[in-house]
Amino acid sequence: MSFIRVNEVGGDSLERVNKLLHNIPGGVYKAAFSALRRAGDTAKTSAGQFAAAEYTINKGEFMRRVHSKTHITGGAGGVMGMSISFSGTVLPLLAFNTTYSRDGTVQTQVKRNGGAATLQHAFVARIFGPTAVFERVGAPRFPVEQKFGPSTGHMMRNEEVIEKMDETIRDTYEKRVEHEILRVLNGWGG
């Protein structure tokens, strides 16, 4: 499981929220919570794009296999925190840039900035399930073990991915908080 935590978001805008909504009971909390929730949702939606930029996985494949949860905490004085957790099982090597030929050569590339590696003793077959990359464990035909790439949670631990997620959360929060202030002042949305 991988966590992304945002420590400080919108210091200036939080002061503005406090000034404008200090007379409305719960207004500061409503506006900040809604803006932070929207920022988290935007970042979770963009997670597949950020992972696909660093790894050779398809964005859609990443999104199908990832499990994410957002947890927003509110404290005294309008101080809020948010954490997004990502988890998932390891992905089969064929989900990444893996090619195989009729002569038995298997090449794979998991990270975009790395080169393709040839797997010397690997083969592609359909054994008890979908087609996958396997390698023999010993001298006889069986047992064999399936080869896997990283999990979706592991991909979200990449420094570049974390940086892009953090930037997306901050940008979305700054854009969204003005709208949320207007909603609370006008009494929209309960």
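Structure's up top.
Worth saying up front: this structure is predicted, and the values here are computed from it rather than measured.

> Where do I start with the overall build of the chain in this structure?
When helices and strands are tallied, the chain shows five helices and eleven strands. Since a compact globule built from 190 residues should have a radius of gyration of about 16 Å, the 23 Å found for the chain marks it as more spread out than a globular shape. The proportion of buried residues among the 190 residues of the chain is 38%. When contacts within the chain are restricted to residue pairs at least 6 apart in sequence, those whose partners lie at least 24 apart make up 61%. Carbon and sulfur atoms form 50% of the exposed surface of the chain, whose accessible area is close to 11,100 Å². Considering the chain, the positive charge centre built from 24 side chains and the negative charge centre built from 18 side chains are found 9 Å apart.

> Can you walk me through the sheet that holds strand β6 (residues 106-109) in this structure?
Sheets are built from strands that pair by backbone hydrogen bonding, the pairs being arranged parallel or antiparallel. Taken together, three strands build an open sheet; the order of strands is β5-β6-β7 and the sheet is antiparallel. Sheet topology places β5 (97-100) and β7 (117-119) at the edges, where each strand pairs with a single neighbour. Pairs of neighbouring strands in the sheet enclose a mean axial angle of 25°, with direction left out of account. Looking at chain direction, β5 and β6 are connected through four bridges and run antiparallel. Paired with Tyr100 across the strands is Val106, a residue of β6.

> Can you walk me through the packing of aromatic side chains in this structure?
When we look at a pair of aromatic rings, we describe it by the centre distance and by the angle of the planes. Here the structure, examined in full by the defined rule, presents two aromatic pairs. A centroid spacing of 5.6 Å and a plane angle of 25° characterise the contact between Tyr29 and Phe33, whose relative ring orientation is stacked. Here Tyr29 pairs with Phe33, and both are found in helix α2 (residues 27-54), just four residues apart, close to one helical turn. Judged by relative accessible area, Tyr29 falls into the partly exposed class, the value being 43%.

Conventions used here
- Residues numbered from 1 in each chain as written.
- Predicted model: local features only at pLDDT ≥ 70, side-chain atom pairs only at ≥ 80, totals over all residues.
- Heavy atoms only, no water.
- Helix = DSSP H or I, 4+ residues; strand = E, 2+ residues; numbered from the N terminus.
- Rg over C-alpha atoms; globule rule 2.2 N^0.38 Å.
- Buried < 20%, exposed > 50% of the residue type's maximum accessible area, 1.4 Å probe, protein only.
- Contact = heavy atoms within 4.5 Å.
- Areas by Shrake-Rupley, 256 points an atom, 1.4 Å probe, with all protein chains shown as cover.
- Lys, Arg positive; Asp, Glu negative; His and termini not counted.
- Charge placed at Lys NZ, Arg CZ, Asp CG, Glu CD.
- Pairing = 2+ DSSP bridges.
- Axes fitted to C-alpha atoms, helices over the stretch in contact; angles between N-to-C directions.
- Phe/Tyr/Trp six-rings, centres within 6.5 Å; stacked < 30°, edge-to-face > 60°.

Just geometry here; none of it tells us what the structure is for.
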